[in-house]
Amino acid sequence: SISIGNQDISPMLDVAMKASREAGVLIKEKLGADIIKTKYNSMDLLTEVDGRCQEIILEVLKSEFPDHGYLGEESVGPGADASREALNDALDNHDWVWIIDPID
């Protein structure tokens, strides 16, 4: 088992692996997907796969851990201020926070 403090986090890791495997199926199916837009600069590309992978991961995690907080790259606005605000809000309201960036 793997622990943080006195809490066994093995069940969380098992669910995280399940979520990543489910998203991985979509990634393999859509390899080479068209870019639908650039996000914040010309080097930060977005395909249809990015958002859908985040949705898949969130569905799996939330089904097992509905009381945890979640931050996904595709659901936080651009810039450091937006990231900081979203993170602070999540940490203020949840004991556990998952940060999801499925493709990068």
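Residues numbered from 1 in each chain as written. Predicted model: local features only at pLDDT ≥ 70, side-chain atom pairs only at ≥ 80, totals over all residues. Heavy atoms only, no water.

### What to know about the overall build of the protein
Applicable threshold: Secondary structure is summarised from DSSP: a helix means a run of H or I of at least four residues, a strand means a run of E of at least two, and numbering begins at the N terminus for each. A contact between two residues is defined here by any heavy atoms of the two lying within 4.5 Å. All accessible areas in this document rest on Shrake-Rupley with a 1.4 Å probe, and a residue is counted as covered only by the protein chains that are shown.
Along the protein, the regular secondary structure elements total three helices and six strands. When the helices and strands of the protein are listed from N to C terminus, the series reads β-β-α-β-β-α-β-α-β. Taking as baseline every contact in the protein between residues at least 6 positions apart, the subset at least 24 positions apart corresponds to 59%. As displayed, the protein offers around 7100 Å² of accessible surface, 51% of which is attributable to carbon and sulfur atoms.

### Topic: the side chain of His-68
Rule in force here: Only protein chains enter the accessibility calculation, which uses a 1.4 Å probe. A residue is then buried if its area is under 20% of the maximum for its type, exposed if over 50%, and partly exposed in between. By the criterion applied in these results, polar contacts are pairs of N or O atoms within 3.5 Å in which, for protein atoms, one can donate a hydrogen and the other can accept it, and in which residues neighboring in sequence qualify only through two side-chain atoms.
Secondary-structure assignment places His-68 in the loop between α2 (48-64) and β5 (69-72). For His-68, a relative accessible area of 12% translates into the label buried. Polar contacts involving the side chain of His-68 include one to the side chain of Trp-98, which spans 2.8 Å. Not counting chain neighbours up to four residues away, the residues in contact with His-68 comprise Met-12, His-94, Trp-96 and Trp-98.

### Topic: a nonpolar patch on the surface
Just so we agree on the cut-off: Grouping into patches uses exposed residues only, defined as over 30% relative accessible area, and leaves out salt-bridged ones; the cut-off is 9 Å for like charges and 5 Å for nonpolar side chains (Val, Leu, Ile, Met, Phe, Trp, Tyr). By definition, a salt bridge exists where a carboxyl oxygen of Asp or Glu is found within 4 Å of a side-chain nitrogen of Lys or Arg.
Nonpolar side chains collect at one region of the surface, where Leu-87, Leu-91 and Ile-99 lie side by side and expose about 280 Å² of accessible area between them. Checked against the element boundaries, Ile-99 lands in strand β6 (residues 97-100).

### Here we look at the pairing of β6
Where we set the bar: One bridge is not enough; two strands pair if DSSP finds at least two bridges between them. Orient the strands so they point away from the viewer; a crossover is then right-handed if the path from the first strand over the helix to the second runs clockwise.
Burial of β6 is one-sided: the residues Trp-98 and Ile-100 facing one way are buried, the residues Val-97 and Ile-99 facing the other way are not. As paired elements, β5 and β6 share four bridges and run parallel to each other. Each residue of the ladder has a partner; that of Gly-69, found in β6, is Val-97. Of the crossover connections in this fold, the one passing from β5 over helix α3 (residues 80-93) to the parallel β6 is right-handed.

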